[in-house]
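Coordinate analysis (summary)
One letter stands for each residue in the lines below.
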Amino acid sequence: MLKVWRYIWISVVALVGLLLLTVLLIPQLDPNRFKGIIETQVSELAGRQLNIDGDLHIDYTLPPLIRIENVRFANAEWAKQPSMLSLELLQLKVQLLPLLDKQLIVDQLLLKGVYFSLEKNPQGQLNWQLDKLVSETEQPAHQADTAEPFQMPVLPVLKDIQFDNINFYYHDEKDEIESDVVIDSLRLANAGIDEATSISASGSLNQQPYKLSAKTEFLTEVTTMNPIEQGISVKLDADAIGI
């Protein structure tokens, strides 16, 4: 019995030492060392080039804060714009322990300086449809018809969501449609899992200004029901000029 306790004690000490060593070493790791791996893996998976031109930064706090700067994701070869997606800053702070209870609590999500290009060519191809992923995930028609509707795997709480200077460009070459949507400011917040999400936004649509505020149960409804069949509720106040 003494030998058993000895092995248990050695194991506990070794485990505690490993944990302390991990805590000491992780902050010394520069996440920028992994940029190349991330770029390569995403590029190979999507079939398009991902570039992280800025810094990767992690604050090893509870909850941890992740900061990514200057990201570009390549467009389709036939598209008008060189990048389908680019962003100046992504900052994310998510509580870790609630994930074990299937709760997603976002303390902060900041997106800044985003440009998103949506394009359709004369043959009907869509630039956001990644050919490599589509070919690998296509299902036979009879399986697609019987597929279960999407439901979010975790319950979201959005404490502080901020989008600043978000630009959407849409170009349909076949139907000769071109449009620009600018979101100068977008804020989303809800106090708890069962609470409505508050939304406020301002910007312009084809150079015409707009401002809106809304409340929706969307995030709760997509986790508890089928919104395609049952719909979602939105209370909206909007002010737009020339739209």
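Up top you'll find the structure we're talking about.
Let me begin by describing the structure that accompanies this report. (Residues numbered from 1 in each chain as written. Predicted model: local features only at pLDDT ≥ 70, side-chain atom pairs only at ≥ 80, totals over all residues. Heavy atoms only, no water.)

**Here we look at the overall build of the chain**
Cut-off, in case you're wondering: Only runs of H or I of at least four residues qualify as helices and only runs of E of at least two qualify as strands under DSSP, and these elements are numbered from the N terminus. Residue burial is assigned from relative accessible area. The probe radius is 1.4 Å, only protein chains are included, and a residue is buried under 20% of its type maximum, exposed over 50%, and partly exposed in between. Between two residues, a contact is recorded if the distance between any of their heavy atoms is within 4.5 Å. All accessibility values rest on the Shrake-Rupley procedure with a 1.4 Å probe; residue burial counts only the protein chains present in the view.
Looking only at helices and strands, the chain features 6 helices and 11 strands. The buried share of the chain, reckoned over its 243 residues, is 29%. The contacts of the chain with a sequence gap of at least 6 include a subset with a gap of at least 24, amounting to 52%. As presented, the chain carries roughly 16,200 Å² of accessible surface, and 59% of it is formed by carbon and sulfur atoms.

**Some thoughts on the layout of surface pockets**
If a probe the size of a water molecule is rolled over the atoms, the empty space left behind becomes visible. To keep things clear, this is the line we draw: The method works on a 1 Å grid over the protein atoms by themselves. A cavity is a set of points holding a 1.4 Å probe that cannot get out, a pocket is an open set with protein on both sides within 12 Å along at least five of seven lines, and residues with an atom within 4 Å of a point line them. Grid points are joined across faces, edges and corners, and a volume is the space filled by probe spheres set on the points. When residues are sorted by character, Ala, Val, Leu, Ile, Met, Phe, Trp, Tyr, Cys and Pro go into the nonpolar class, Asp, Glu, Lys and Arg into the charged class, and all the rest, Gly among them, into the polar class.
There is about 240 Å³ of room inside the largest pocket. Lining the largest pocket are Ile38, Val42, Leu50, Ile52, Leu56, Ile68, Val71, Phe73, Met84, Leu85, Leu87 and Phe116. Elements with a minimum of two residues in the lining of the largest pocket: α2 (35–46), β1 (50–52), β3 (65–74) and β4 (83–94). Partitioning the lining of the largest pocket into residue classes produces 12 nonpolar, no polar and no charged. Counted as a void, the second largest pocket has a volume near 210 Å³. For the lining of the second largest pocket, the residue count by class is 5 nonpolar, 4 polar and 4 charged.

**Things to note about the packing of aromatic side chains**
The relative placement of two aromatic rings is captured by the distance of their centres and the angle of their planes. Note the cut-off: Here a pair means two rings of Phe, Tyr or Trp (six-membered ring of Trp) with centres within 6.5 Å. Their orientation is stacked below 30 degrees between planes, edge-to-face above 60, and tilted elsewhere.
The tally for this structure, following the rule as stated, stands at 1 aromatic pair. Taken together, a centroid distance of 5.9 Å and an interplanar angle of 55 degrees make the contact between Phe116 and Phe168 tilted. Separated by 52 residues along the polypeptide, Phe116 in strand β5 (residues 103–120) and Phe168 in strand β7 (residues 161–172) bring together distant segments of the chain. On the basis of relative accessibility, which here comes to 23%, the residue Phe116 falls in the partly exposed class.

**A few points about the side chain of Ser43**
Selection rule: Think of a polar contact as two N or O atoms within 3.5 Å of one another; within protein, one of them needs to be a possible hydrogen donor and the other a possible acceptor, and neighboring residues in sequence only count if both atoms come from side chains.
Residue position: Ser43 is located in helix α2. Reaching out from Ser43, the side chain makes a polar contact with the backbone oxygen of Glu39 at a distance of 2.6 Å. With residues up to four places along the chain from it excluded, the contact list for Ser43 reads Arg48, Gln49 and Leu50.

**Regarding the pairing of β4**
Applicable threshold: A pair of strands is considered paired only if DSSP assigns at least 2 bridges between the two.
Relative to β4, β3 is paired through 9 bridges, and the arrangement is antiparallel. When the bridges of β4 are listed, Ile68 appears paired with Leu90. Examined bridge by bridge, β4 and β5 share 9 bridges and lie antiparallel to one another. Residue pairing across strands places Val94 opposite Val106, the latter belonging to β5.

**A look at the side chain of Arg48**
Relative to the elements of secondary structure, Arg48 occurs in the loop between α2 and β1. Assessed through its relative accessible area of 11%, Arg48 is described here as buried. Within the structure, the side chain of Arg48 is placed 2.5 Å from the backbone oxygen of Asn127, a separation counted as a polar contact. Once you skip the residues sitting within four places of it in the chain, Arg48 turns out to touch Val42, Ser43, Phe73, Ala74, Asn75, Ala76, Met84, Asn127, Gln129 and Leu130.

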